[in-house]
Amino acid sequence: MSEGNEQDGNKGRLSLRPAGRMELGRTVDAGSVRQSFSHGRSKVVQVEVRKKRIGAPPAAATPVPPVAAPAAPASAGATPAAGNAGGLSGRVAVPPPAAPAAGARAGTRPAGGGRALTQTELAARQRALVEQQRDAARREAERREQEKISILSAAEEARRREEEARKAAEEEARRVEEETARQAAEEEARKLADAAKEAMASAPPPPGPVAEEPRRRAPTPAAAPASPTQTLRLKPARGGEEEDEARPVRRPGSMLPGVRKPPVPAPKKVVDDRRRPGRIDVQAAIEGDDDRVRSLASVRRQRDRERRQAELERLRSDQVKVVRDVVLPDTITVQDLAARMATRAPDVIKALMKLGVMATITQSLDADTAELVVQEFGHRVRRVSEDDVEMGLSGDADAEEDLLIRPPVVTIMGHVDHGKTSLLDALRAADVAAHEAGGITQHIGAYQVHMSDGPMAGEAITFIDTPGHEAFTAMRARGASVTDIVVLVVAADDGVMPQTIEAIRHAKAANAPIIVAINKMDKPGANPARVRQELLNHEIVVEEMGGETQDVEVSALKKEGLDKLMEAILLQAEILDLRANPDRPAEGTVIESRLDRGRGPVATVLVQRGTLQQGDIIVAGAEAGRVRAMLDDKGKALQFAEPAMPVEILGLAGVPAAGEAFVVVENEARAREISELRARRHRDKVAGANVAARGTLDQMLARIQAGEQKEVAVLIKADVQGSAEALQATVLKLAHEEVRVRVLTASVGQITESDVQLAMASRAVIIAFNVRATSQARELAQREGVDIRYFSIIYDVADDIEKLVRGRVAPKAREKFLGYAEVRKVFNITKSGKVAGCMVTEGLVKRGAGVRVLRDNVVIHSGELSQLKRFKDDVREVARGYECGLSFAHFDDLQEGDVVECFEIEMVPG
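Attention in this report is confined to the structure presented alongside it. (Residues numbered from 1 in each chain as written. Predicted model: local features only at pLDDT ≥ 70, side-chain atom pairs only at ≥ 80, totals over all residues. Heavy atoms only, no water.)

Regarding the overall build of the chain
Okay, so step 1: If you tally the helices and strands in the chain, you get 21 helices and 36 strands.
Okay, so step 2: Evaluated residue by residue, the chain yields a buried proportion of 39% over its 910 residues.
Okay, so step 3: Pairs at least 24 residues apart make up 69% of the contacts formed inside the chain by residues separated by at least 6 positions.
Okay, so step 4: Accessible area for the chain stands at about 51000 Å²; split by element, carbon and sulfur atoms hold 51% of it. (Helix = DSSP H or I, 4+ residues; strand = E, 2+ residues; numbered from the N terminus. Buried < 20%, exposed > 50% of the residue type's maximum accessible area, 1.4 Å probe, protein only. Contact = heavy atoms within 4.5 Å. Areas by Shrake-Rupley, 256 points an atom, 1.4 Å probe, with all protein chains shown as cover.)

Focus: the pattern of salt bridges
Okay, so step 1: Scanning the model with the defined rule gives 42 salt bridges in all.
Okay, so step 2: Note that Glu-140 and Arg-143 form a salt bridge whose closest N and O atoms lie 2.4 Å from each other. Taken together, the positions of Glu-140 and Arg-143, both in helix H2 (residues 119-149) and three residues apart, correspond to about one turn of that helix.
Okay, so step 3: On the basis of relative accessibility, which here comes to 10%, the residue Glu-140 falls in the buried class.
Okay, so step 4: Salt bridges here are not isolated pairs; linked through shared partners, they connect Asp-398, Arg-584, Glu-587 and Arg-609. (Salt bridge = Lys/Arg side-chain N within 4 Å of Asp/Glu carboxyl O.)

A look at helix H10 (residues 367-376)
Okay, so step 1: Where H10 is concerned, the buried positions are Ala-367, Thr-369, Ala-370, Val-373 and Val-374. Angularly, the buried residues of H10 cover 160 degrees about the axis, an arc narrow enough to put them on a single face.
Okay, so step 2: Residues of H10 that are buried in the fold lie against strand S4 (325-328), strand S5 (331-333), helix H8 (334-341), helix H9 (345-354), strand S6 (364-366) and strand S7 (380-383).
Okay, so step 3: The N-capping residue of H10, defined by a side-chain oxygen 3.3 Å from the backbone nitrogen of Asp-368, is Asp-366.
Okay, so step 4: Gly-378, located one to two residues past H10, shows a positive phi value of around 85 degrees. (Arc of directions from axis to C-beta. Polar contact = N/O pair within 3.5 Å; in protein donor to acceptor, adjacent residues only side chain to side chain.)

Details of the packing of aromatic side chains
Okay, so step 1: On inspection of all chains with the given rule, the structure shows two aromatic pairs.
Okay, so step 2: For the pair Phe-817 and Tyr-820, a centre-to-centre distance of 5.0 Å together with 55 degrees between the ring planes defines the contact as tilted.
Okay, so step 3: With 6.5 Å between their ring centres and 75 degrees between their planes, Phe-888 and Phe-891 make a pair best called edge-to-face.
Okay, so step 4: For Phe-888, a relative accessible area of 6% corresponds to the buried category.
Okay, so step 5: Using a relative accessible area of 12% as the deciding quantity, one classes Phe-891 as buried. (Phe/Tyr/Trp six-rings, centres within 6.5 Å; stacked < 30°, edge-to-face > 60°.)

A look at the sheet that holds strand S26 (residues 739-748)
Okay, so step 1: Spatially, the four strands line up as an open sheet ordered S26-S25-S27-S28, and their pairing is parallel. Only two strands of the sheet have a single partner each, and these edge strands are S26 and strand S28 (788-791). Each strand of the sheet is rotated relative to its neighbour by a mean of 25 degrees, with strand direction disregarded.
Okay, so step 2: By the bridge criterion, four bridges tie strand S27 (residues 765-769) to S28 in an arrangement that is parallel. If you follow Ala-768 over to S28, its bridge partner there is Tyr-790.
Okay, so step 3: On the sheet, helix H18 (residues 721-733) packs against strand S25 (710-718), S26 and S27 and is oriented at approximately 180 degrees with respect to S26.
Okay, so step 4: Docked against the sheet, helix H19 (residues 753-762) engages S25, S26 and S27, running at close to 175 degrees with respect to S25. (Pairing = 2+ DSSP bridges. Axes fitted to C-alpha atoms, helices over the stretch in contact; angles between N-to-C directions.)

A word on the sheet that holds strand S11 (residues 460-465)
Okay, so step 1: Strand order in this open sheet of six strands is S10-S11-S9-S12-S13-S14, and the pairing throughout is mixed. Bordering the open sheet on either side are strand S10 (445-450) and strand S14 (550-553), each of which pairs with just one other strand. The average undirected angle you get between the axes of adjacent strands in this sheet is 25 degrees.
Okay, so step 2: Here strand S9 (residues 409-414) pairs with strand S12 (residues 485-491) via five bridges, running parallel. Paired with Gly-414 across the strands is Val-489, a residue of S12.
Okay, so step 3: Each of S9, S12 and strand S13 (514-519) touches helix H13 (residues 498-509); the most contacted strand, S12, lies at about 165 degrees to it.

What about the nonpolar core?
Okay, so step 1: Among the nonpolar cores identified, the biggest contains 27 residues, and Val-410, Leu-423, Phe-463, Val-487, Leu-565 and Ile-569 are the most heavily contacted of them.
Okay, so step 2: Among the secondary structure elements, those contributing two or more residues to this core are S9, helix H11 (420-428), S10, S11, S12, S13 and helix H15 (562-576).
Okay, so step 3: What Leu-565 contacts, discounting residues up to four positions off in sequence, is Leu-423, Leu-427, Val-487, Ile-515, Ala-517, Val-552 and Val-554.
Okay, so step 4: Counting residues in hydrophobic clusters, the runner-up holds 22 residues, among them Ala-746, Phe-769, Val-797 and Val-805. (Core = buried A, V, L, I, M, F, W, Y, C linked by side-chain atoms within 4.5 Å.)

A few points about the pairing of strand S23 (residues 645-652)
Okay, so step 1: For S23, the buried fraction is high: eight of the eight residues fall into the buried class.
Okay, so step 2: Sheet topology places strand S17 (residues 600-609) next to S23; six bridges connect them, and they run antiparallel. The residue of S23 that forms the bridge with Val-607 is Met-645.
Okay, so step 3: Here four bridges tie strand S20 (residues 623-631) to S23, and the two strands are oriented antiparallel to one another. What sits directly across from Met-630, in S23, is Ile-649.

Focus on the environment of Val-45
Okay, so step 1: Mapped onto the elements, Val-45 comes out in strand S2 (residues 42-50).
Okay, so step 2: Sequence spacing of Val-45 and Arg-34 is eleven residues, and the spatial spacing of their C-alpha atoms is 6.1 Å.

Examining a negative patch on the surface
Okay, so step 1: Side chains of Glu-400, Glu-401, Asp-402 and Asp-583 sit close together on the surface and give a patch of like negative charge.
Okay, so step 2: Relative accessible area serves as the criterion here: at 64%, Glu-401 is assigned to the exposed category. (Patch = residues over 30% accessible without salt bridge, like charges linked within 9 Å, V, L, I, M, F, W, Y side chains within 5 Å. Lys, Arg positive; Asp, Glu negative; His and termini not counted. Charge placed at Lys NZ, Arg CZ, Asp CG, Glu CD.)

Points about unusual backbone geometry
Okay, so step 1: Of note in this structure, Ala-342 is not a glycine but carries a positive phi near 55 degrees.
Okay, so step 2: One non-glycine residue, Asn-857, lies in the positive phi region at around 60 degrees.
Okay, so step 3: Within the secondary structure, Asn-857 is located in the loop between strand S31 (850-855) and strand S32 (858-870).
Okay, so step 4: On the basis of relative accessibility, which here comes to 75%, the residue Asn-857 falls in the exposed class.

Below, the structure written as structure tokens:
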């Protein structure tokens, strides 16, 4: 006892109270602390500290009956405490107390080392048990609340309830079994303790040093009782730290290391998801506020995972086959097909291999092959086409009651320099013709004229002016396709010309009525009767000659006959009864387009149906955009454009092709889809044309080896789309059988650095028609030697390209006749052979020239003249009327009367 007292006196006390206080009334202090371990682990431990009794006199050993700790009520769902192996939740694992030996209250230590618990200790233990039960009940409530949140569906709830019921039944059975086993163990321990108490009471107390060894070796049946100064260590309410509790800890007053402790049942390991890493303070550990609560996002993620897992398990267990509707376009890649079927791409590739198709994941499949693959996987197929995007784009036909009268659209057509633009200027009171380059119209224009006086005041007429040059055939055809009436302008002093005939053909192809305007009646040589007579040859019979075609004699310079022309137009329009529906989305045609440096792409459109509003989303060919602004022919801003009204629109993404139809769509998504489809078609068409023109590789190599692969590459940049088309057509017509003309690109806008780089790579000539190059492009062209040629008149372009093509044509060998010589005498010279003495009868004879020997006008020899002499001297040539001597190389069969024809070969340009 003295040794144990000394150890207790030297070591500090483990207590929650301040050191140095002495309370004789209480010998036990109870509390809870949190112990922290490595890797962020921690646990709460109930601690009791026993104090030494100071000054207590030794008393006789009096047997005291054992007092059993009251059992705490069990909690149904609590976690089994350590040392209880699945028993009641929150129960403190204290070994059953053995019966204390006689004399324990007197301060003497019994032989068995056990004693009875005091009322204070029992009260402290009961308080600890109650707190643990409260904590267990609170944790159980939180767990149940979390389980309620994680309910996924009615089926999952039913399964969960069934699982909980089954677990509860198993837990209850296990609890009853453990309770029975515990009661049996306690009863057995109590009996062993009573037997030990009786044995110790009957035996005399052994001497101290001698009896120490037997006391040490005597095994205790249940548990080793604590010494008066030993610290009692309670098991924690939370499991999972079996390795820390199994580790022996030597405490003051404990038995020696050699003494083996009784075996303690290993606690059941319980995983707690609410364990948090790190250390906390004692206050938080005592209050129990350190529990971590799951967030709602974590609960949602767990719910999604469980739902997906349940669906996968259901599919795997029931083998449910999901059949999908797979939409197949005209072409689709293997990767997209796998995604639409919700299948792995390697599986699709395996299916294709079974069909004999070796394809990669990025390779495109046709619709028929893709349909076979989809049917192989058991899905339904729905075929669509790219053309379905344009379905319903033009809209339905208009009802008769919705149609209103609209102005007529009149196209002015005729030969070049017959006064078309001058006549239109006289009608509009404008001066467009004075600003035309070369005095000819090279652009298509659209204007609207309003009558200001007379009986036709307020009437509006839309005029479309077309060029008369032969290169602008596409413009004339485009104007005839959108017109209602064609005004055929013929000069009275010139008559019907080639472009006049072409205009008549365009008008007849468009089924448009013709009004003949015989212009330049103010000139002295005007002869309208001749014009009417020539028109008969082309099936145009005017009213004056008994036909149905109106003809008006006008003078644009003197402004004579303009009223009669307007009356004839309005009369024809009234006969045609032109109507349109303005209350619908607008539709029309792109007449002309260009790229403006400050405003971007600008398109001149003619509204044919509906009303075009500012802000509408339109699709024009392969370009789409929103109408940001609208301008009339005088530059005035407009908010809307009614049928038969020409306007300039801004806001397109690019320059549309002239002649393309435009239509208003409901949203930008559809506009973008339609424009992408049309752009892809255009690229495929251009690529196909290039491949067809290039031919196969073998053919191209054969032409190169034969020296036939000669071409003139041209890059065209024009101010408007129509001029670019006309220039391209003109240049392509100049191709030669030996030299091919290739147009790299024909676009609008100024010449940029990319254009110069393209021309440099292809060794092409840049043709700039009414446009100029940027400063950077000009410097690059000068540095790299790229030829940029500027033009303002289209026939200058044709002449220049024709010269360029002819320069690439190989020169031709042409025979040039020199003269005849008649053989008068044949001389036989030993060293030189036969020499013919001749008289030059025509032209001259040259040394080294080619000769033919004719006998009875039949060529018997062709070769070269080896010697030409006059008397004994070698001469260069002999003129007519002189005699000379001729000798021929490798030919001696000469007779008198033969005729020698002399000629030479010269090279001329092709």
